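Observations on chain architecture
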Amino acid sequence: VERTIKVKEVRLDLTRKEYDLLLYFISNKDRVLTKEAICEYMWGDHADNLGSLDFVYTHIKNLRRKIADANGGNLISSVYGVGYKFNSP
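Right, let's walk through the structure included here. Given the structure is predicted, the values throughout are model-derived calculations rather than measurements.

Restricting attention to buried positions, one finds in helix 2 (residues 35–43) the residues Ile 38, Cys 39, Met 42 and Trp 43. What you see down the axis of helix 2 is that its buried residues fit within an arc of 100 degrees, all on one side. Exposed side of helix 2, more than 90 degrees from the buried face: Glu 36 and Glu 40 are the residues found there. Taken together, the buried residues of helix 2 touch helix 1 (16–27), strand 3 (32–34), helix 3 (54–69) and strand 5 (83–86). Once helix 2 finishes, Gly 44 follows within two positions and takes phi at roughly 55 degrees, a positive value.

Structure follows, in structure tokens:
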């Protein structure tokens, strides 16, 4: 299965987790997603064993950078104290 994502005709080189995260954001566009909801979606039943949610921030930071590097702007915004939101372009 080919997983190709393009931003303004620039192909993004995403890890599997980044790809899954982007699809989750797109399917919930304009909706605020908590770190807990993202973690549960990405890691399922294993989410309870992870302890810290800092790795969610790391995946989002990397995904934001790759989108911005492709001139896609900042499509993922932080909602202070709540989580993250994928903004419709």
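What follows is about the nonpolar core. Counting residues in hydrophobic clusters, the biggest one holds 23 residues, and the most contacted among them are Phe 25, Ile 38, Ile 60 and Ile 76. Secondary-structure elements contributing two or more residues to this core are helix 1, helix 2, helix 3 and strand 5. When residues in this core are grouped by element, the largest group, five residues, is from helix 1. Not counting residues within four places of it along the chain, the set of residues in contact with Ile 38 comprises Leu 21, Tyr 24, Phe 25, Leu 33, Val 56, Ile 60 and Tyr 84.

Calculation notes
- Once a new chain begins, its residue numbering starts again from 1 and follows that chain's sequence as written.
- In keeping with the predicted nature of the model, local features appear solely for residues at pLDDT of at least 70, side-chain atom pairs appear and are counted solely at 80 or more, and the whole-chain, interface and lining totals rest on all residues.
- Side-chain figures throughout are based on the complete set of non-hydrogen atoms in the structure, without hydrogens or water.
- Exposure is judged per residue with a 1.4 Å probe applied to protein chains only, and the accessible area is read against the type maximum: over 50% gives exposed, under 20% gives buried, and values in between give partly exposed.
- The numbering of helices and of strands both runs from the N terminus, where a helix is a DSSP run of H or I of at least 4 residues and a strand a run of E of at least 2.
- Picture the helix axis, draw a direction to every C-beta atom, and the arc is the one those directions span.
- We call two residues in contact when some of their heavy atoms are within 4.5 Å.
- Working definition of a nonpolar core: buried Ala, Val, Leu, Ile, Met, Phe, Trp, Tyr and Cys residues. They are joined through side-chain atoms within 4.5 Å.

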